[in-house]
Amino acid sequence: MNRGTLIRIVDAFFRRWYLYLIPLVLMFGLGVVNASGGSGYTTNGTVFVEQGSFVADRTGIDPTGLRTFLTPAQFARQELAGLLQTDVFMDSVLIEAGIELSDDPVNRDAQRANARGSISAWATSENLLSVSATTDDPVVSEALAVAAIDRLIDFKIELDTAESVAASEFFADLAASYEEQVTSARAELDGYLQAISARSLE
């Protein structure tokens, strides 16, 4: 398109007053589409997140080595995003939200997909994680948001518990091996002291 053609188009636009209605109609249409497509009820919930573990607290070493560049809330958001992709976690969220799971596998997958698409999370600060759910029913929105937060907390508790049990067993085995070494060293020391005493008596 050359410069002369562009000038003629602009000149024709300003000479005909009714062409001014085109931008207004377009803007009105976009407003109607956005209004009709953005309907829904959103429920937001916030949870406080701390970063730590039994092993890290006891040793001062982060066993993952990957959390340094993420805040606790950002890491929890990534965990929740990963959990939402699993069918087991989504089923637990739906059940806790009071939504009956369909016996038909296809319908159940649709239920998971709808719930998964309605739940979102973001870090509002270093330690605050916000979780929201948007659906056409305000009761369902609230139930999904609460269920997602509750299930995330349960997951963290179960994970920390399993980690603590494993760490306790590891340290118990380590203490047992050290006790054997100490007992053996003490026996050798006692034998050495007895030998020295016997020589001194001679």
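Everything numeric here is computed off the predicted structure, so don't read it as measured data.

S.K.: How should the overall build of the protein be read in this particular structure?
M.R.: Scanning the protein from N- to C-terminus turns up seven helices and three strands. Put simply, the protein runs from its N terminus to its C terminus through helices and strands in the order α-α-β-α-α-α-α-β-β-α. Of all 202 residues assigned to the protein, the portion counted as buried reaches 21%. Pairs at least 24 apart in sequence give 64% of the contacts found in the protein among residues at least 6 apart.

S.K.: How should I be thinking about the pairing of strand 2 (residues 119-123) in this particular structure?
M.R.: Pairing between strand 2 and strand 3 (residues 128-135): five bridges, direction antiparallel. Across the sheet, residue Ser120 finds its bridge partner in strand 3, namely Ser132. Between strand 2 and strand 3, which pair antiparallel and follow one another directly, the connecting turn spans four residues.

S.K.: Could you clarify how one ought to interpret the nonpolar core in this entry?
M.R.: Soluble, globular proteins show a tendency: their nonpolar side chains are buried together. Within the largest apolar cluster, 23 residues are counted, with the highest numbers of intra-cluster contacts made by Ile119, Leu129, Val131 and Leu144. Sorting the residues of this core by element identifies helix 4 (72-84), helix 5 (87-96), strand 3 and helix 7 (138-201) as the ones contributing at least two each. Counting residues per element, this core draws most heavily on helix 7, which supplies six residues.

S.K.: Would you mind going over the sheet that holds strand 1 (residues 41-48) with me for this structure?
M.R.: Each strand in a sheet pairs with its neighbour through backbone hydrogen bonds, running either in the same direction (parallel) or in the opposite one (antiparallel). Taken in spatial order, the three strands of this open sheet run 1-3-2, and their pairing is antiparallel. Edge strands, defined here as strands with exactly one partner in the open sheet, are strand 1 and strand 2. The average angle at which neighbouring strand axes cross in this sheet is 20 degrees, direction not considered. Docked against the sheet, helix 4 engages strand 2 and strand 3, running at close to 160 degrees with respect to strand 2.

S.K.: Explain the environment of Asp109 here, please?
M.R.: Inspection of the secondary structure puts Asp109 in helix 6 (residues 105-118). Distance from Asp109 to Met90, taken between C-alpha atoms, is 9.9 Å for residues 19 residues apart in sequence.

S.K.: Which parts of the structure should I look at to understand a nonpolar patch on the surface?
M.R.: Where nonpolar side chains cluster on the molecular surface, the patch consists of Leu189, Tyr192, Leu193 and Ile196 and spans about 390 Å² of accessible area. Residue position: Tyr192 is located in helix 7.

S.K.: Explain the confidence of the model for the protein here, please?
M.R.: Low pLDDT means the predicted atomic positions in that stretch should not be read closely. Residues at a pLDDT of 70 or more form 71% of the protein, whose mean pLDDT is 78. Counted against residues more than four places away or in other chains, residues 54-61, with its pLDDT under 50, gives twelve contacts.

S.K.: Explanation requested: the packing of helix 5 against helix 6 in the structure shown.
M.R.: The N-to-C vectors of helix 5 and helix 6 enclose an angle of 80 degrees; their axes lie 10 Å apart at closest approach. As far as their axial angle goes, helix 6 and helix 5 are roughly perpendicular. Of the residues in helix 6, those in contact with Asp87, Met90, Asp91 and Leu94 of helix 5 are Arg108, Gln111, Arg112, Ala115 and Arg116. Looking at the contact of helix 5 with helix 6 residue by residue, the class counts come to three nonpolar, one polar and five charged.

S.K.: Can you help me understand the side chain of Ser92 in this one?
M.R.: Summarising the element assignment, Ser92 is placed in helix 5. Looking at Ser92, the relative accessible area reads 18%, which means it is buried. A distance of 3.2 Å separates the side chain of Ser92 from the side chain of Arg151, its partner in a polar contact.

Scoring rules and cut-offs
Residues numbered from 1 in each chain as written. Predicted model: local features only at pLDDT ≥ 70, side-chain atom pairs only at ≥ 80, totals over all residues. Heavy atoms only, no water. Helix = DSSP H or I, 4+ residues; strand = E, 2+ residues; numbered from the N terminus. Buried < 20%, exposed > 50% of the residue type's maximum accessible area, 1.4 Å probe, protein only. Contact = heavy atoms within 4.5 Å. Pairing = 2+ DSSP bridges. Core = buried A, V, L, I, M, F, W, Y, C linked by side-chain atoms within 4.5 Å. Axes fitted to C-alpha atoms, helices over the stretch in contact; angles between N-to-C directions. Patch = residues over 30% accessible without salt bridge, like charges linked within 9 Å, V, L, I, M, F, W, Y side chains within 5 Å. Areas by Shrake-Rupley, 256 points an atom, 1.4 Å probe, with all protein chains shown as cover. Salt bridge = Lys/Arg side-chain N within 4 Å of Asp/Glu carboxyl O. pLDDT = per-residue confidence, 0-100. Parallel < 35°, antiparallel > 145°, perpendicular 65-115°, else oblique. Nonpolar A, V, L, I, M, F, W, Y, C, P; charged D, E, K, R; others polar. Polar contact = N/O pair within 3.5 Å; in protein donor to acceptor, adjacent residues only side chain to side chain.

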